[in-house]
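Observations on the three-dimensional arrangement
So the chains spell out like this:
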Amino acid sequence: INSAAGGGNVGEMMIAMRGKGRTPECKDIQIAVDKKGAKPLLINYRQMGQTTATGPCPVLMVHGVLDHSWSWRPMMTQLSVQQPCYALDMPGCGYSSWPQPGMDWDFDETEIKNLFTQFVDLVGLPKVSLVVQGFIYSQYALLWALENPS
């Protein structure tokens, strides 16, 4: 099977596709990593709709492993008419940093939950409604939400 990169290698295909799905709603934010010598993670996210003090609670959409924020676009387009929507490209997915496991980032429960906390703080979302799909990142998002009900 040939990939978009011309070979059968999924990694080559992903590299060839990088940058071709960035749309106007894409933004980037840097997330600090609590590891000596590690660079901050660059997290790509999509934002549709505007957050207001009196409006509905923003929706934070989290994909599973091997997915990306692009998959949330149809839902975001419809939902953002009523309330603001945010969808992240988790580390190692989409247009976010692809850190080296064990060197820059460990992909463990603590670091993933810390990423959610930093994201909502840096973007200025005091409260969110969480929507998840898939596995791994989604399960940690649910655990994070249970630990941070407000």
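Residues numbered from 1 in each chain as written. Predicted model: local features only at pLDDT ≥ 70, side-chain atom pairs only at ≥ 80, totals over all residues. Heavy atoms only, no water.

1. Things to note about the nonpolar core
Ranked by size, the top nonpolar core spans 24 residues in total, and within it Leu60, Met90, Leu115, Phe116 and Phe119 carry the most contacts. Those elements that provide at least two residues to this core are strand 1 (26-31), strand 2 (41-48), strand 3 (59-62), strand 4 (85-88), helix 3 (109-123) and helix 4 (137-147). Met48, Val59, Trp72 and Ala87 belong to the second-largest nonpolar core, a separate cluster that totals 7 residues. (Core = buried A, V, L, I, M, F, W, Y, C linked by side-chain atoms within 4.5 Å. Buried < 20%, exposed > 50% of the residue type's maximum accessible area, 1.4 Å probe, protein only. Helix = DSSP H or I, 4+ residues; strand = E, 2+ residues; numbered from the N terminus.)

2. Examining the pattern of salt bridges
The final tally for this structure, using the stated rule, is 6 salt bridges. The shortest N-O distance in the salt bridge between Glu25 and Arg46 comes to 3.1 Å. Taken together, the positions of Glu25 in the loop between helix 1 (10-17) and strand 1 and Arg46 in strand 2 put the pair 21 residues apart, joining distant regions of the chain. Its relative accessible area of 10% is what places Glu25 among the buried residues. (Salt bridge = Lys/Arg side-chain N within 4 Å of Asp/Glu carboxyl O.)

3. A closer look at helix 3
Here helix 3 contains 15 residues, and its C-alpha end-to-end distance of 21 Å stays within 8% of the 21 Å for a straight helix at 1.5 Å per residue. Gly124 lies just past helix 3 and shows a positive phi near 85°. (Expected span 1.5 Å × (residues − 1).)

4. Quick word on the packing of aromatic side chains
Scanning the entire structure with this criterion turns up 5 aromatic pairs. Arranged with centres 5.0 Å apart and planes meeting at 75°, the rings of Trp105 and Phe107 form a pair that is edge-to-face. A residue is classified by how much of its surface remains accessible, and Trp105, at 3% relative accessible area, is buried. One aromatic cluster is present, formed by Tyr45, Tyr86 and Phe119 through successive ring pairs. (Phe/Tyr/Trp six-rings, centres within 6.5 Å; stacked < 30°, edge-to-face > 60°.)

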